Amino acid sequence: MEHFDVMIVGAGLSGVGAACQLRQSSPRKSFAILEGRGAMGGTWDLFRYPGVRSDSDMYTLGYRFRPWRDAKAIADGPAILKYIRETAAEFGVDKRVRYDHRVRRASWSSDDALWTVEAETGPEKSVVRFTCNFLYLGTGYYDYNGGYIPEWPGVERFRGQIVHPQKWPEHLDYAGKRVVVIGSGATAVTLVPAMAERAAHVTMLQRSPTYVVSRPAEDTIANWLRRRVPDRAAYALTRWKNVMLQMFFYNLARKQPGIMKRLIAKGVKNHLGEEYDIKHFSPQYNPWDQRLCLVPDADLFRAIRKGSASVVTDHIETFTETGLRLKSGDHLDADIIVTATGLVLKLMSGLQLVVDGAPVDLSKTMAYKGMMYSDVPNLASAFGYTNASWTLKCDLTAEYVCRLLNHMDRCGYARCTPRLNDPSLTDEPILDFTSGYVKRALHTLPRQGSKTPWRLRQNYFRDLSMLRYGRVEDGTMEFKAAPARPQT
């Protein structure tokens, strides 16, 4: 059985980032990356639908330690995938990936201060085992096997093709076809303008509106800086500029939602004209109760003005042979229906955790610093922000884990376990988003506490202070030396 100091699960954006930071900050640590699929890239290799792109700028979605050098700040999926793979090669972590190793179970032994990790591999799903001192999970937050599809009446009657973006057919021909995209989230607003370039017409059918804002695909300040100052300096300055802008607009939305609503509505009217019925982009909830949708260079609005795309706000009564009948009585004709109806939230890719023979129920744990779990030793998972770029938090998480490992080495510790030792602590849901995918899975998620370090702040500046500069021995993390070995 092979042994590693650190085992990383997942070779996507966060797993590769953690491996690179480990190489830089804890170079003596042995590690491997177990990847369940046959390729590196995670989300950015899995999703192949037309127009797939980030909904965050690459100066904050990119890694802190490796500049984003492309002109486009809002990048497409292939460009992001290339960035991840080039980063892995540059730091030599691409050679550490074991592909087709789907981790199913991880068991901790306090007697040995080790995790035993079991993974299935090969067409026969043979089980292979590894041991490690520390387990780092970069598995993302959703089920890679399939997205969420509601139960609609009459689906079997539809004579056209039904497609989910997570399982996009490689050779789907939609040129000249009538397409209905069901949904109003980031995937839907990406698909509609991309498909509208070739389809006869694309209709985005939504039950309720989403806030949609436009940003230039290119960051003119970033590109100006890159021509005048060294690469890394330009990247750092742009990154901080964008972090501060993200935080400013998020705080404005939470403290003055009325102002933010008016700003967003004004932006929509500027692109679609005063005569357009803005109800299709006027949600009942406040901005950032759910994640805002970003469209680069107003591509969605341009498709609507051009007439190649439209938005309908209504509920589905039933599928028909030729499309969808709505509760208003209207009928949407369709040759292809795309169900952009969301993800299935699934932490840790469904792997089973066992500590000293007892299965861990994550919903009974509390999240420590947004990355570790009460009474679960030597384990961390990367989970990004809901109100900013995913990688901002994942970068800090990997950086903190390296600090933690180095501290344990200096002090002779073998175990670190977050402990709930504050009787005044109360627990709350870990996320306060009202998005459907969150509400559907909230009962399966860890809880958060009412105080630091159990409080999930969703605030980069507070996390930066706590994770980069805060004390590792904070009175909550319990450290223990390696178990004594009997004399022979």
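Since we're looking at a predicted model, the values are computed, not measured.

A. View of the packing of aromatic side chains. A full pass over the atoms with the stated rule returns 26 aromatic pairs. Each ring, one from Phe-158 and one from Phe-319, has its centre 6.4 Å from the other, and the planes form 75 degrees; the classification is edge-to-face. On the criterion of sequence distance, the pair formed by Phe-158 in the loop between strand S6 (126-137) and strand S7 (161-163) and Phe-319 in strand S13 (residues 316-320) is long-range, its members being 161 residues apart. Under the relative-accessibility criterion, Phe-319 is labelled buried at 0%. Between the aromatic rings of Tyr-276 and Phe-281, the centroid separation amounts to 6.2 Å while the plane-to-plane angle is 40 degrees, which identifies the pairing as tilted. Ring pairing ties together the aromatic residues Phe-47, Tyr-49, Tyr-141, Tyr-142, Tyr-144, Phe-383 and Trp-390, which thus form one cluster. Of note, Arg-96 hangs over the ring of Phe-31, and the distance from its end group to the ring centre comes to 4.5 Å. Here the basic side chain of Arg-198 rests over the ring of Tyr-174, its NZ or CZ set 4.6 Å away from the ring centre.

B. View of the sheet that holds strand S14 (residues 323-326). Read across the sheet, three strands follow the order S13-S14-S15 without closing on themselves; strand pairing throughout is antiparallel. Of all strands in the sheet, those with a lone pairing partner are S13 and strand S15 (331-333), marking the two edges. Averaged over all pairs of adjacent strands, the angle between their axes in this sheet comes to 20 degrees, without regard to strand direction. Sheet topology note: the S14/S15 ladder contains three bridges and is antiparallel. From the neighbouring strand, Arg-325 faces S15, where its bridge partner is His-331.

C. Region of the structure containing the pattern of salt bridges. As enumerated under the stated definition, the model contains 32 salt bridges in all. Of the charged contacts in the structure, one is a salt bridge between Asp-333 and Arg-178, with a shortest N-O distance of 3.9 Å. Note that Asp-333 is positioned in strand S15 and Arg-178 in strand S8 (residues 178-182), a separation of 155 residues in sequence. Residue class for Asp-333 comes out partly exposed when judged on its relative accessible area of 41%.

What counts and what doesn't
Residues numbered from 1 in each chain as written. Predicted model: local features only at pLDDT ≥ 70, side-chain atom pairs only at ≥ 80, totals over all residues. Heavy atoms only, no water. Phe/Tyr/Trp six-rings, centres within 6.5 Å; stacked < 30°, edge-to-face > 60°. Helix = DSSP H or I, 4+ residues; strand = E, 2+ residues; numbered from the N terminus. Buried < 20%, exposed > 50% of the residue type's maximum accessible area, 1.4 Å probe, protein only. Lys NZ or Arg CZ within 6 Å of the ring centre and 35° of its normal. Pairing = 2+ DSSP bridges. Axes fitted to C-alpha atoms, helices over the stretch in contact; angles between N-to-C directions. Salt bridge = Lys/Arg side-chain N within 4 Å of Asp/Glu carboxyl O.

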